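Topology and contacts: notes
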Amino acid sequence: MANEVKINEIFASIQGEGPVVGYKQLFIRFCGCNLKCEYCDTEFEKGDIYTPQSLYDKISKEYNLGTFHSISLTGGEPLLSYKFLKEFLPLFNRKIKVYLETNATLSDNFSQIKDFIDIVAADIKLPSATGLGVNIMKNNFQFLRNCSGVDTFAKIVFDENITDEEIKFCANIGKETGVELVLQPKMDAAGMSVGSEFCEQILDKFTSIYLNTRLIPQVHKFINVR
Ligand code: SF4
């Protein structure tokens, strides 16, 4: 059977999250996800079918890759398509950086393509914000252990329901793995769902356990790009 996947969209934009915020990236959105976060507002079911070579040809023809900081593999969950990525990513021959956005639950799949990834943007899924069980957060911990050797940060979306137990658990993930933690307030129609004072309090709680933590809201929503 041909190694094909469904791609929801390909577009150029500015990264709005985490430490590489503000850089221009070429986003490739993969269809499908293995989780159901309560706050998910991403459309990732419809798309067009590609082989590794046909996707590479399309991208090379339509975009000047030399003008991008990196390619962002996003979703959905790109690691569901690890067999495709295993053939697709070597086609770039390391001419551009590869940035992987992942829900950090598919550790074995990640191991298969780890050598081709330059930056990992991994989630830590708080039960209080996502409605997911605590096992997913434990799974995230395992995934982050497996990222050693790759430039990695962990994004934590939080709202007013974040608990002290969650803060302790996440800060200890940071301590053990050494990854930078990025706190991202959940957004609603009016902007940040929590006030700046609350954000500061949460950041203080994190940094009292693990200093390599910072707060970065979703900047693309302020500058009005995708
Ligand atoms: S992991 Fe990401 S894409 Fe999947 S349901 Fe959660 S927010 Fe949506």
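Our subject is the structure listed above.
My aim in this report is to walk through the structure given alongside it, one point at a time. Not measured: the values here are computed from a predicted model.

Comments concerning the nonpolar core
- By size, the foremost hydrophobic cluster in this structure holds 55 residues, and its most contacted members are Leu73, Phe88, Ile117 and Phe206.
- Counting seven residues, the second largest nonpolar core, distinct from the first, contains Val20, Tyr99, Phe153 and Val182.

Topic: the pairing of strand β5 (residues 97-102)
- Counting buried residues in β5 gives five out of six residues, a clear majority hidden from the surface.
- Sheet topology note: the strand β4 (residues 70-74)/β5 ladder contains four bridges and is parallel. By the bridge assignment for β5, Ser72 is matched with Tyr99.
- Crossover β4 to β5 through helix α2 (residues 82-88) is right-handed.
- As paired strands, β5 and strand β6 (residues 119-123) are joined by four bridges and run parallel to one another.

Some thoughts on helix α5 (residues 134-145)
- In this model, α5 (twelve residues) spans 17 Å end to end at C-alpha, consistent with the 16 Å of a helix rising 1.5 Å per residue.
- Within the sequence span of α5, burial applies to Ile136, Met137, Asn140, Phe141, Phe143 and Leu144. End-on, the buried residues of α5 take up no more than an arc of 165°, which puts them together on one face.
- Buried-residue contacts for α5 involve β5, α3 (107-113), β6, α4 (127-130), β7 (151-158) and α6 (164-177).

Details of the pairing of strand β2 (residues 24-30)
- With six of seven residues buried, β2 is to be regarded as a mostly interior element.
- As judged from the seven bridges shared by strand β1 (residues 5-14) and β2, these two strands associate in the antiparallel manner. Paired with Ser13 across the two strands is Gln25, which belongs to β2.
- Of the strand pairs in this sheet, β2 and β4 are connected by five bridges, and their pairing is parallel. Its bridge partner being in β4, Phe27 is matched across the sheet by Ser72.

Topic: the packing of α5 against α6
- At a closest axis distance of 10 Å, the pairing of α5 and α6 adopts a crossing angle of 15°. The angle between α5 and α6 places the two elements in the roughly parallel class. Regarding α5 and α6, the two cross each other, and that crossing is right-handed. From α5, Met137, Lys138, Phe141, Leu144 and Arg145 reach across to α6, where they touch Phe169, Cys170, Asn172, Ile173, Glu176 and Thr177.
- Tallied by class, residues from the contact of α5 with α6 come to six nonpolar, two polar and three charged.

Describing the state of the cysteines
- Per the stated rule, a full pass over the model turns up zero disulfides.
- Sulfur of Cys199: no disulfide; nearest cysteine sulfur belongs to Cys170 and is 15 Å away.
- Exposure remark for Cys199: the relative accessible area of 3% places this residue in the buried category.

Remarks on the sheet that holds β6
- Here nine strands make up an open sheet; going across it, the order is β3-β1-β2-β4-β5-β6-β7-β8-β11 and the pairing mixed. One side of each edge strand has no neighbouring strand; the edge strands of this open sheet are β3 (48-50) and β11 (213-215). Looking at each pair of strands side by side, their axes are set apart by 30° on average, direction ignored.
- For β1 and β3, the ladder comprises three bridges, and the chain directions are antiparallel. Bridge pairing in β3 links Lys6 to Ile49.
- Against the sheet, α5 engages β5, β6 and β7, with an angle of about 165° to β6.

About the thresholds
- Residues numbered from 1 in each chain as written.
- Predicted model: local features only at pLDDT ≥ 70, side-chain atom pairs only at ≥ 80, totals over all residues.
- Heavy atoms only, no water.
- Core = buried A, V, L, I, M, F, W, Y, C linked by side-chain atoms within 4.5 Å.
- Buried < 20%, exposed > 50% of the residue type's maximum accessible area, 1.4 Å probe, protein only.
- Helix = DSSP H or I, 4+ residues; strand = E, 2+ residues; numbered from the N terminus.
- Pairing = 2+ DSSP bridges.
- Right-handed = clockwise from strand over helix to strand, strands pointing away.
- Expected span 1.5 Å × (residues − 1).
- Arc of directions from axis to C-beta.
- Contact = heavy atoms within 4.5 Å.
- Axes fitted to C-alpha atoms, helices over the stretch in contact; angles between N-to-C directions.
- Parallel < 35°, antiparallel > 145°, perpendicular 65-115°, else oblique.
- Left-handed = near helix turned anticlockwise from the far one by under 90°.
- Nonpolar A, V, L, I, M, F, W, Y, C, P; charged D, E, K, R; others polar.
- Disulfide = S-S within 2.5 Å.

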